[in-house]
There are 2 protein chains.
Amino acid sequence: MNETGKYKMNRKVPEPTLKRLPGYLYYLDKVKEQGIINISAPMIGKDLKCDPTQVVKDLAVTGIKGKPRVGYNTYELIHALEDYLGFNRTNEAFIVGAGNLGSALMAYQEHQSLGLKIIAAFDVDEKKIGTHVGRIHILEYNKLFSLSNRLDVKIGILTTPNSVAQDVAEDLVNCGIKAIWNFTSAILHLPDDIIVQSTSMSSYAAVLLRRLNDSEK
Amino acid sequence: MNETGKYKMNRKVPEPTLKRLPGYLYYLDKVKEQGIINISAPMIGKDLKCDPTQVVKDLAVTGIKGKPRVGYNTYELIHALEDYLGFNRTNEAFIVGAGNLGSALMAYQEHQSLGLKIIAAFDVDEKKIGTHVGRIHILEYNKLFSLSNRLDVKIGILTTPNSVAQDVAEDLVNCGIKAIWNFTSAILHLPDDIIVQSTSMSSYAAVLLRRLNDSEK
DNA sequence: TAGATTGTTAATCGATTAACAATC
DNA sequence: TAGATTGTTAATCGATTAACAATC
C-alpha cells in the first residue's frame, strides 16, 4: 500500500524521537536568530551532542526534505516541526488542582510557545476558588462539568493530590477529555483510547540520585 | 570475576528501570498501608499494568531476594528501594532561579519523600532576594560561591531562564556541584563527569500533543 | 507433594548507529 | 566534476518479553 497523508507515514513515531523534537526546535530558533539560512544534520548533531544519522531520521518524521550538500532550510524546518508537534495551533487545556505545581504550570510562560492554552483551573479549596494566577481563573471543581459541556477541551492537566487523581481523571474523561498530562504519582486506570502522559518528578530524582551515588562509588 | 559490593553489580542499571523504581515505591507504600505483608511480582505487574518478568528484573537491582510461591516482603522491599534510590538519605541541593517553576519546586512537599532537601535558593532579582518560599531563603546569586565553600552540596537544580543556563551551570560546577537537574531548555556543555538530568516540559508536551493529533486521525 | 513464583538464560522487539547509494 | 550531505537499508546494541529450571 502507498504512503498517504500529510506526514510521512502512520508507522508509529518512536517516543524517544518525539521527545527530542522540541530540542531541535529550541536549537533552530537560536540558529535562525543568527541568520543561518541552511543547517545540516552533522552541524545540528555536533551542537546537540547526538548522532547526525539520528538527526536525519528524527527530522524525516515531519516530512521535510533536505538538500544534499546544503542541509535543511532553517525556516522551513522550524515551521515543519511546529506544525508536526502542534505547537503553532492553540491546544486548549483544563488544569485540575491549583496547588504549588498547578499554579506554577499556570504561570509558566513557556507553555504558550507549545501552543498550550490553559483556559481554566479547578480546585475544591474555598480559599482558592475565585482567585486567579495570571489570567487563568480558579473555578469551583463542580463547574468542570458544565463548562466542559459548552467548550470542547481535549487536554486535562492533573496536579491534584495523589489520593484523588484516579477519581478526577475519570471525571475528566466523562467531560470529554481525550488526553491527560498526569503530574501525580498515581497510576491511572482509564479507557485505552485516552492518552495519558505521566510526568513524574520522582523518576527523574531517582535517576539523578542513583547516578550520583554510582559516581561516588 | 566475582560480584562484590552492596548492590548486585556495577553493570549499569538501565535508565528505564531506574525511572520505574519510584513507581514501585509509591505502590508498595499503599500496599503496606493495607497490611499486606508479602507481595508477588505478578500481583505488582497486574496493578501497575506491566510485565511481571520486568517487575522481577527491576526489583533485582536493589539486591533484594524474593521467595518462590510467596513473593517479596513488603517492608523489606520498600526499605531496599529507598536505600537503593537514596530516598532515605538527605540529599542536599541548591536551586538557582526562583521564578515560577523554581518557587513551585521549593514549595513542592513531595521532594522531602525523595530525600531531596533544598537548602538555599539563588536569584539575581532584587525583589526576590531576602524573601523565602516555605523555609527556603532566596539569596543573592553571588552568595552561591561563598556558601558552597562552607557546605558540601552536590546537587544543583537549574530553573533559570534558558539564556543564562549554561553560565549558571558552569558556576555550579565550579562550586563543586556534581549533579545538575536541568529544567531549562538549554543543552548544557559540561565536563563528562558531571551528571545532568534534563527534565523538559516541552518533551512531554510534544508526545502528548502528537499522540492526540494521531488519535484524531 | 504440587504448584506458584523467583530468578536466570534465551528470544524478540525496537531504537540507535553504521554503511552506502543517490543527489545536488 | 568532486565531494559533502541526504535518505534508505542493514547491522548493532540494548531493553523487554518469553521460556524454563530452581525453589520454597
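Each residue is numbered by its place in its chain's sequence as written, counting from 1. Chains and ligands are labelled sequentially in the order written, the chains with letters from A and the ligands with numbers from 1. This being a predicted model, a pLDDT of at least 70 is required before a residue's local features are given, and a value of 80 or more before pairs of side-chain atoms are given or counted; all residues contribute to the totals for chains, interfaces and linings. As a rule here, side-chain values come from all non-hydrogen atoms in the structure, and water together with hydrogens is ignored.

- You'll find chain A entered in an unreviewed UniProt entry as Redox-sensing transcriptional repressor Rex, with Maribellus comscasis given as the organism.
- UniProt positions are given in the numbering used here, feature names are shortened, and annotations may be inferred rather than shown by experiment. Its UniProt record gives chain A a comment under Sequence similarities (unreviewed entry), which states: "Belongs to the transcriptional regulatory Rex family."
- Heading Subunit (unreviewed entry) of the UniProt record for chain A holds this comment: "Homodimer."

## Side note on the layout of surface pockets
- Only protein atoms enter the 1 Å grid, on which a cavity is a set of points fitting a 1.4 Å probe that cannot get out and a pocket is an open set with protein on both sides within 12 Å along at least 5 of 7 lines, lining residues being those with an atom within 4 Å of a point. Grid points are joined across faces, edges and corners, and a volume is the space filled by probe spheres set on the points. Its boundaries defined by the atoms lining it, the second largest pocket holds a volume of some 1300 Å³.
- Taken together, 37 residues line the second largest pocket, and the ones lying closest to its centre are A:I187, A:S198, A:S200, A:S203 and B:K19.
- Contributing elements (two or more residues each) for the lining of the second largest pocket: α1 (15–33), β9 (195–198) and α8 (201–215) of chain A together with α1 (15–33) and α8 (201–215) of chain B.
- Helix and strand labels come from DSSP, where a helix needs a run of H or I of at least four residues and a strand needs a run of E of at least two; each type is numbered from the N terminus. In terms of residue count, α1(B) provides more of the lining of the second largest pocket than any other element does, nine residues in total.
- In this count, Pro and Cys sit with the nonpolar residues alongside Ala, Val, Leu, Ile, Met, Phe, Trp and Tyr, while Asp, Glu, Lys and Arg are called charged and the others, Gly among them, polar. Along the lines of polarity and charge, the residues of the lining of the second largest pocket split into 17 nonpolar, 11 polar and nine charged.

## With respect to the protein's contact with DNA strand D
- Residues in close proximity to DNA strand D total 24 residues, the closest being A:A41, A:R69, B:R20, B:Q54 and B:P68.
- Nearness is defined per residue: one heavy atom within 4 Å of the molecule or strand is enough. The sugar-phosphate backbone supplies 68% of the atoms of DNA strand D found within 4 Å of the protein.
- Within the side chain of A:Y72, an N or O atom sits 3.1 Å from a phosphate oxygen of DNA strand D.
- One of the side-chain nitrogen or oxygen atoms of B:R20 is found 2.8 Å away from a phosphate oxygen of DNA strand D. Here a polar contact means two N or O atoms within 3.5 Å. Within protein one must be a hydrogen donor candidate and the other an acceptor candidate, and residues neighboring in sequence count only if both atoms are side-chain atoms.

## Observations concerning the sheet that holds strand β3 (residues 91–96) of chain B
- Taken in spatial order, the seven strands of this open sheet run β5-β6-β4-β3-β7-β8-β9 (chain B), and their pairing is mixed. Each of the sheet's edge strands pairs with one partner strand only, and the pair in question is β5 (132–133) and β9 (195–198) of chain B.
- Contacts between residues were defined by any pair of non-hydrogen atoms, one from each residue, lying within 4.5 Å. Axis definition: a line fitted to C-alpha atoms, over the contacting stretch in the case of helices. Angles run 0 to 180 degrees between N-to-C directions. Docked against the sheet, α8(A) engages β3, β4 (116–123), β7 (155–158), β8 (179–182) and β9 of chain B, running at close to 175 degrees with respect to β9(B). Two strands are said to pair when DSSP picks up at least two bridges between them.

## Thoughts on the relation of the copies chain A and chain B
- Screw-axis analysis of chain A against chain B gives a translation of 0.0 Å along the axis, an RMSD of 0.0 Å, and a rotation angle of 180 degrees. These values place the two chain copies in the arrangement generated by a two-fold rotation axis. When C-alpha positions in chain A are compared against the rotation axis, the closest is assigned to A:A104, at 2.8 Å. The copies are overlaid by a least-squares fit using only the C-alpha atoms of residues whose pLDDT is at least 70 in both copies.

## Let's talk about the packing of aromatic side chains
- Ring geometry is summarised as follows: Phe, Tyr and Trp rings, the Trp one being its six-membered ring, pair when their centres sit within 6.5 Å, and such pairs are stacked at plane angles under 30 degrees, edge-to-face over 60 and tilted between the two. As enumerated under the stated definition, the model contains seven aromatic pairs over all chains in all.
- When the centroid spacing of 5.1 Å and the interplanar angle of 35 degrees are considered together, the rings of A:W181 and A:F183 count as tilted. An identical accessibility class is assigned to A:W181 and A:F183; each is buried.
- Both rings, one in B:F94 and one in B:F122, keep their centres 5.2 Å apart while their planes meet at 85 degrees; by these two values the pair is edge-to-face. In this scheme, a residue with accessible area under 20% of its type's maximum is buried, one over 50% is exposed, and one in between is partly exposed, where area comes from a 1.4 Å probe on protein chains only.

## Notes on the pairing of β7(B)
All names here are of chain B.
- Along β7, one buried face is formed by I155 and I157 and the opposite face, lined by G156 and L158, is buried too.
- Taken together, the four bridges between β3 and β7 define a ladder with parallel strand orientation. Bridge assignment links I95 to a residue of β7, and that residue is I157.
- In terms of strand pairing, β7 meets β8 through four bridges, oriented parallel. The residue bridging I157 from the neighbouring strand is W181, located in β8.
- Taken together, β7, helix α7 (residues 162–174) and β8 form a β-α-β motif whose crossover is right-handed. By convention, orient the strands away from the viewer: a clockwise path from the first strand over the helix to the second makes the crossover right-handed.

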